[in-house]
Every structure is written in structure tokens, then in C-alpha cells.
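Residues per chain are reported as follows:
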Amino acid sequence: MQTTAAGIAPLNGVEGATAIAVHFSGGLVGCADWEHFDVVTDAELSPLYLINCQDDPSIGFIGADPTVFKPDFCLELTAEDEAQLGYPEFGDLLVLAIITPASSLGSTAEPSTSATLNLLGPLVINLQRGIGRQVIQSEYTAHYPLGA
Amino acid sequence: MLVLTRRVDEGLNIGGEITVRILAIDGDRVKLGVVAPRTVTILRDELCQRVRNENTAASIPAAERAAVARSLKFLVQPAAKTDGS
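The rules behind these values
Residues numbered from 1 in each chain as written. Chains lettered and ligands numbered in written order. Predicted model: local features only at pLDDT ≥ 70, side-chain atom pairs only at ≥ 80, totals over all residues. Heavy atoms only, no water. Salt bridge = Lys/Arg side-chain N within 4 Å of Asp/Glu carboxyl O. Buried < 20%, exposed > 50% of the residue type's maximum accessible area, 1.4 Å probe, protein only. Helix = DSSP H or I, 4+ residues; strand = E, 2+ residues; numbered from the N terminus. Patch = residues over 30% accessible without salt bridge, like charges linked within 9 Å, V, L, I, M, F, W, Y side chains within 5 Å. Areas by Shrake-Rupley, 256 points an atom, 1.4 Å probe, with all protein chains shown as cover. Pairing = 2+ DSSP bridges. Axes fitted to C-alpha atoms, helices over the stretch in contact; angles between N-to-C directions. Arc of directions from axis to C-beta. Contact = heavy atoms within 4.5 Å. Phe/Tyr/Trp six-rings, centres within 6.5 Å; stacked < 30°, edge-to-face > 60°.

(A) Structural context of the pattern of salt bridges. All names here are of chain A. Tallied over the full model, the rule gives 6 salt bridges over all chains. Between Lys-70 and Asp-72 there is a salt bridge; the shortest N-O distance is 3.0 Å. Overall, Lys-70 belongs to the buried group, its relative accessible area being 18%. Overall, Asp-72 belongs to the exposed group, its relative accessible area being 52%. Residue Glu-80 is joined to Arg-133 by a salt bridge in which the shortest nitrogen-to-oxygen separation is 3.7 Å. Here Arg-133 lies in strand β9 (residues 131-134) and Glu-80 lies in helix α2 (residues 79-84), a separation of 53 residues in the sequence.

(B) Structural view of a nonpolar patch on the surface. Residues and elements named next belong to chain B. A cluster of nonpolar residues, Val-8, Ile-25, Val-30, Leu-32, Val-34, Val-40 and Ile-42, forms a patch on the protein surface that exposes about 570 Å² of accessible area. When residues of the nonpolar patch are assigned to their parent elements, the largest contribution, 3 residues, is made by strand β3 (residues 29-35). Its location among the elements puts Leu-32 in strand β3.

(C) Looking closely at the sheet that holds strand β1 (residues 11-14) of chain B. Residues and elements named next belong to chain B. Spatial strand order, β1-β2-β3: 3 strands in an open sheet with antiparallel pairing. Of all the strands in the sheet, the pair left with one neighbour each is β1 and β3. On average, each strand axis in the sheet is inclined to that of its neighbour by 25 degrees, with strand direction left out of account. Strand direction decides the pairing type here: β1 and strand β2 (residues 18-26), joined by 4 bridges, are antiparallel.

(D) Fine view of helix α2 (residues 62-72) of chain B. Of all the residues in α2(B), the buried ones are Arg65(B), Val68(B), Ala69(B) and Leu72(B). Here the buried residues of α2(B) occupy an arc of 105 degrees about the axis, which is enough to place them on one side. Looking at the buried residues of α2(B), the elements they touch are β4 (48-53), β5 (60-64) and β7 (93-100) of chain A.

(E) Representation of the packing of aromatic side chains in the model. All names here are of chain A. One pass over the full model with this rule turns up 4 aromatic pairs over all chains. Aromatic side chains Phe-24 and Phe-37 sit 5.4 Å apart centroid to centroid with 80 degrees between the ring planes, which places their arrangement in the edge-to-face category. Linking Phe-24 in strand β2 (residues 19-24) with Phe-37 in strand β3 (residues 36-40), this pair joins segments that are 13 residues apart in sequence. Both rings, one in Trp-34 and one in Phe-61, keep their centres 6.2 Å apart while their planes meet at 55 degrees; by these two values the pair is tilted. Residue Trp-34 is found in the loop between β2 and β3, and its partner Phe-61 is found in strand β5; the two are separated by 27 residues along the sequence. You'll find Trp-34 and Phe-61 in the same group, each marked buried.

So, in C-alpha cells, the structure goes:
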């Protein structure tokens, strides 16, 4: 399945929900212990999302629909991805790329101007089933600059 | 870790359904052929490492997470900038 991420339903499009529990079976890539997350947004945060790990509360991310920053971002799911996600309908998918804040890069630059977006490993969530998967998109960078 | 020595045109089988074959060796480059079911995702390992490292780097302490998100919000509102460059 190859689709653009444009038009994917926002989280708050699902019965007004602003938080959803998502199970990433097997965890995130290289982080097998991080399986259960709460994905949260509200009017103040939107279109950003908080992605809070329930297995280790010290772990959590900020995510955004990658098309907000890169309108031509194109997601490609493998057969294994689709199976893991429960063969979702296109409209049930939420795609979130994780933002790496500048301070985490050990940079001395102005923090919020050199944050980057991880387009290499976006999180894909089936909102109807509450299941997610971090999928690797080898055509894209892990450090897409924000606010350039 | 299992360590095996193989020659060109030899291979190995993993779990019955996955076969890896050595197709060619040229200096420090090895060309591999992989036969696996369509449902198995095959990735270059350095991509997985890169994503793992980025996951770790991107985590924000719980106490700061919402504040950092608010501080990043201007990035998604480019229309607020008066300077179009």
C-alpha cells in the first residue's frame, strides 16, 4: 500500500477523543520495552501530539503529522506492516513523525530552530484498533529540519 | 551470535522460510540474495540502528514534555511569520 499521509483523520476526529491508548507490539524499533503509549493532543497542542510511554513514564515524545512540514511525504507500508496494523482502512490511520528537539542533539544552537523531524521511522497508528507500528521509510532522513 | 563461514554460491536457511545466499564478493563488499515470504520485512541494519538512536535522542522527560511541545508550536504556524524568506 502506498499512500500520501494527507487526509489522514486527526485523533480528535474519533468521537472527540483527545487521547488514545496505542499498543506497539514488540515495541518501537530497537526499543522492545516501549510497547504501550498514550497519544494525546488538544486544541492548544494541535497539530502536535504527546506520545507518552506507559511502560516507562520517563520516556515520551512529541510527534506531528509529517505532511504538516513536508506536504509531499509519502508513506509506504510493507505487507508485514499492514498485517501488524490489522489491515487498516486508510481513514483509520494516524501517521506521526517524532520530533527530536535540538537540545537532545547536544547542539548549542537556538533550541527550537534546529529541532528535526524523524521521517525515517514514523509511527503509524490504527486509530480504530489502538495498535501501532514504527515503520522504516528508507527514502527519508531521520533529521528533517523544522522551521527552515 | 552464531558465526558461520560461507563461500560464494553457498547460503544459509533461517527458520525454514528464509534463505540467505552469498552471490558475490568484491573486496569488502558482499552481495547477498535473500529469499523470504512477502510478509517478512527486510531492512539494512544501519537503518534500524539509526531509528533506534533517534528514538532514544528524541525522548523528552515527562515533566518538560508539554512545555517543549508548546515551545515548538510556532514551527507549525509559518503564516505567523511576517518574513516570507
